[in-house]
Amino acid sequence: MAKDIRLNSFDDMQNYHDNTFDVLNVADGDTIYIDWPDNVARRGRTRIRLLGIDAPELENEKHQERPLAQEAALFLSDLLINNQVTVRLEEDRELHRDKYNRLLAYVFLARSGKMINELMLENGLAWPDTRHEHKEQEKFKAISKAAFRAGKGIWQLSDTQIPAYIDLKGIME
């Protein structure tokens, strides 16, 4: 199995890294679909999880909708639908997928070069997520700290319903 994982990771680098794609859909505030067949997950399109962030969850069969989940998804939709994005993977990662087979990536607006992951944090529409180690962890924490101090988005709410796995120590100091 380890051999297959390495091959899939190599394929992901070849198929996605530094390539530009059309955005087809936004699933929520941290997951998008691009117009590229995903041979690893065996789908006609690729599902990307924005690496290093976690947005409030929309309502589903597992839990209730969290505050600002709709706003996060709408912000992402307004930004990305009918636009192209450039996908960047961390080159030295062993795995570029999460347990749901979503591609873990930094996503940039193709025209401006702005990183979507950062924009979600800057606007207080996501938290820095450290479940998947990545090179931008300290930067993402600093961006979130600035959004917290400015009272943006989720940080303006009295009950942000932040998941237990989010490390708030460095943000709210």
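For the structure, see preceding data.
Rules used throughout
Residues numbered from 1 in each chain as written. Predicted model: local features only at pLDDT ≥ 70, side-chain atom pairs only at ≥ 80, totals over all residues. Heavy atoms only, no water. Core = buried A, V, L, I, M, F, W, Y, C linked by side-chain atoms within 4.5 Å. Buried < 20%, exposed > 50% of the residue type's maximum accessible area, 1.4 Å probe, protein only. Helix = DSSP H or I, 4+ residues; strand = E, 2+ residues; numbered from the N terminus. Contact = heavy atoms within 4.5 Å. Polar contact = N/O pair within 3.5 Å; in protein donor to acceptor, adjacent residues only side chain to side chain. Expected span 1.5 Å × (residues − 1). Arc of directions from axis to C-beta. 1 Å grid on protein atoms, 1.4 Å probe; cavity = no way out; pocket = protein on both sides within 12 Å on 5 of 7 lines; lining within 4 Å. Points joined across faces, edges and corners; volume = space filled by probe spheres on them. Nonpolar A, V, L, I, M, F, W, Y, C, P; charged D, E, K, R; others polar. Salt bridge = Lys/Arg side-chain N within 4 Å of Asp/Glu carboxyl O. Pairing = 2+ DSSP bridges.

Novice: Looking at this structure, how should I read the nonpolar core?
Specialist: Within soluble globular proteins, side chains that are nonpolar generally end up buried alongside one another. Counting residues in hydrophobic clusters, the biggest one holds 35 residues, and the most contacted among them are Leu80, Val87, Ile116 and Met120. Looking at this core, the element that brings in the most residues is strand β6 (residues 103-109), giving 7 residues. If sequence neighbours within four positions are ignored, Leu80 has contacts with Val23, Ile32, Val85, Leu109 and Ile116. Listed in part, the 8 residues of the second largest apolar core include Trp127, Ala147, Trp155 and Ile166.

Novice: I would appreciate a short explanation of the side chain of Arg102 in the present structure.
Specialist: With respect to the helices and strands, the residue Arg102 is situated in the loop between β5 (84-88) and β6. Here Arg102 falls in the buried class, since its relative accessible area comes to 11%. A polar contact of 2.6 Å, which involves the side chain of Arg102, links it to the side chain of Asp98. Excluding residues that lie within four positions of it along the chain, Arg102 makes contacts with Thr31, Arg47, Arg49, His96 and Arg97.

Novice: In this structure, what is going on with helix α4 (residues 137-150)? I would like to understand it.
Specialist: Because the α-helix completes a turn every 3.6 residues, residues three or four places apart line up on one side. Taking 1.5 Å of rise per residue, 14 residues should cover 20 Å, and α4 covers 20 Å from first to last C-alpha, within 8% of that figure. Of all the positions in α4, only Phe140, Ile143, Ser144 and Ala147 are classed as buried. Projected down its long axis, α4 shows its buried positions confined to an angular sector of 95 degrees, all on one face. Facing away from the buried side of α4 by more than 90 degrees, the exposed set consists of Glu138 and Arg149. Those residues of α4 hidden inside the fold are in contact with β4 (53-54), β6, α3 (116-122) and β7 (127-128). In the segment just after α4, Gly151 is the residue with positive phi, at about 65 degrees.

Novice: Would you explain the layout of surface pockets in this entry?
Specialist: Regions of empty space are outlined by a rolling probe, equal in size to a water molecule, passed over the atoms. Looking at the largest pocket, its volume works out to about 640 Å³. What lines the largest pocket is a set of 23 residues, and nearest its centre among them are Arg49, Glu57, Lys62, Tyr100 and Arg102. By residue class, the composition of the lining of the largest pocket is 6 nonpolar, 4 polar and 13 charged.

Novice: Would you mind showing me how to read empty space enclosed by the protein here?
Specialist: Applying the stated criterion across every chain, the model contains 1 cavity of 30 Å³ or more. The volume enclosed by the largest cavity comes to roughly 30 Å³. Arg49, Leu50, Leu51, Gly52, Ile53, Leu104, Asp129 and His132 together form the lining of the largest cavity. Within the lining of the largest cavity, the residues separate by chemical class into 4 nonpolar, 2 polar and 2 charged.

Novice: Help me understand the pattern of salt bridges, please; the structure alone is not making it clear to me.
Specialist: Pairing is possible between side chains that carry opposite charge, provided their charged atoms lie close to one another. On inspection of all chains with the given rule, the structure shows 13 salt bridges. In this structure, Lys139 and Glu118 form a salt bridge, with 2.7 Å as the shortest nitrogen-oxygen distance. Residue Lys139 is located in helix α4, and its partner Glu118 is located in helix α3; the two are separated by 21 residues in the primary sequence. By relative accessible area, Lys139 is classed as partly exposed at 42%. Glu118 sits in the buried class, given a relative accessible area of 13%.

Novice: It is not clear to me how the pairing of β5 should be interpreted in this structure. Could you clarify?
Specialist: The side chains of a regular strand alternate, residue by residue, between the two faces of the sheet. In the sheet, strand β1 (residues 19-28) pairs with β5 via 4 bridges, with the strands oriented antiparallel. Along β5, the bridge assignment pairs Asn19 with Val87. As paired strands, β5 and β6 are joined by 4 bridges and run antiparallel to one another. Residue pairing for β6: Arg88 is matched across the bridge by Tyr106.

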